[in-house]
Amino acid sequence: RGHGESPVPSKEVTVTGMIVDFQSVLVYARSIATGSLFVVASSFGASVFLLYLQTLAKIIPDRIVFLNPVVDYRATMLQADLAWGKSLFNKKGFD
């Protein structure tokens, strides 16, 4: 799954799916980790991680780093104010 330049159509990408995918990665990482578990989450991935913490959170990493997290959904997606957001998050982008 992905978004942006991912080959997966936007209609097939859901936040719930991303959270489930993230949990699967953490379960796998914890199963092979011999030490601390670190997560670096960027952009919308940081949002997915925060939503994961509020819902499924069976595994909590030892350290978390957020890089340019999406913190304002309205300005990023619902009423995009940047050119890339306007091109992705509009009626045409969801068709």
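Above this note sits the structure.
Residues numbered from 1 in each chain as written. Predicted model: local features only at pLDDT ≥ 70, side-chain atom pairs only at ≥ 80, totals over all residues. Heavy atoms only, no water.

### Comments concerning the overall build of the chain
Just so we agree on the cut-off: Only runs of H or I of at least four residues qualify as helices and only runs of E of at least two qualify as strands under DSSP, and these elements are numbered from the N terminus. Between buried and exposed lies partly exposed: a residue is buried under 20% and exposed over 50% of the maximum accessible area for its type, with that area taken using a 1.4 Å probe on protein chains only. The contact rule is simple, with two residues in contact once any of their heavy atoms fall within 4.5 Å. Per-residue and other accessible areas were derived by the Shrake-Rupley procedure at a 1.4 Å probe size, with only the shown protein chains allowed to occlude residues.
When its secondary structure is counted, the chain shows 5 helices and 2 strands. Order of helices (α) and strands (β) in the chain, N terminus to C terminus: α-β-α-β-α-α-α. Counting every position in the chain, which comprises 95 residues, the buried fraction comes to 27%. Residue pairs in contact within the chain that sit at least 24 positions apart in sequence constitute 59% of those at least 6 positions apart. Working note: accessible area of the chain is about 6700 Å², and carbon and sulfur atoms make up 59% of it.

### With respect to the nonpolar core
Note the following rule: Put simply, buried Ala, Val, Leu, Ile, Met, Phe, Trp, Tyr and Cys residues joined by side-chain atoms within 4.5 Å make one nonpolar core.
Ranked by size, the top nonpolar core spans 18 residues in total, and within it Phe22, Leu26, Val39, Phe44, Val48 and Tyr52 carry the most contacts. Where this core is concerned, the elements lending two or more residues are α1 (15–32), β1 (38–42) and α2 (44–54). With near-sequence residues (within four places) excluded, Phe22 lies in contact with Val39, Val48, Phe49 and Tyr52.

### Quick notes on the environment of Met18
Residue position: Met18 is located in helix α1. The class of Met18 is buried, set by a relative accessible area of 14%. Sequence spacing of Met18 and Phe49 is 31 residues, and the spatial spacing of their C-alpha atoms is 9.2 Å.

### Section: the side chain of Ser47
Heads up, the condition is: Contacts described as polar in this section are N or O atom pairs within 3.5 Å, which, within protein, must combine one atom able to donate a hydrogen with one able to accept it, while residues neighboring in sequence count only if both atoms come from side chains.
Locating Ser47 in the fold gives a position in helix α2. Here the side chain of Ser47 touches Val70 through a polar contact of 2.9 Å, landing on its backbone oxygen. Not counting chain neighbours up to four residues away, the residues in contact with Ser47 comprise Val70 and Tyr73.

### Observations concerning a nonpolar patch on the surface
Heads up, the rule is: Residues forming no salt bridge and having over 30% relative accessible area are the ones grouped into patches, like charges within 9 Å of each other and nonpolar side chains (Val, Leu, Ile, Met, Phe, Trp, Tyr) within 5 Å. Think of a salt bridge as a Lys or Arg side-chain nitrogen and an Asp or Glu carboxyl oxygen that are within 4 Å of each other.
A contiguous nonpolar surface patch, about 390 Å² in accessible area, is contributed by Leu50, Leu53, Ile60, Ile64 and Phe66. Where the nonpolar patch is concerned, the elements lending two or more residues are α2 and β2 (63–67). Relative to the assigned elements, Leu50 resides in helix α2. You can call Leu50 partly exposed: its relative accessible area is 38%.

### Focus: α2
Those residues of α2 that fall on the buried side of the exposure criterion are Phe44, Ala46, Ser47, Val48, Phe49 and Tyr52. Those residues of α2 that are buried lie in contact with α1, β1, β2 and α3 (73–78).

### Some remarks on the pairing of β2
Put simply, the rule reads: Two strands pair if DSSP finds at least two bridges between them. Looking down the strands as they point away from you, a crossover is right-handed if its path from the first strand over the helix to the second goes clockwise.
Both β1 and β2 contribute to a ladder of 5 bridges, which runs parallel. In the strand pairing of β2, Val39 is matched with Ile64. Handedness of the crossover is the feature at issue here: the chain leaves β1, passes through α2, returns alongside β2, and the resulting connection is right-handed.

Function-wise, these values are silent; they only describe arrangement.
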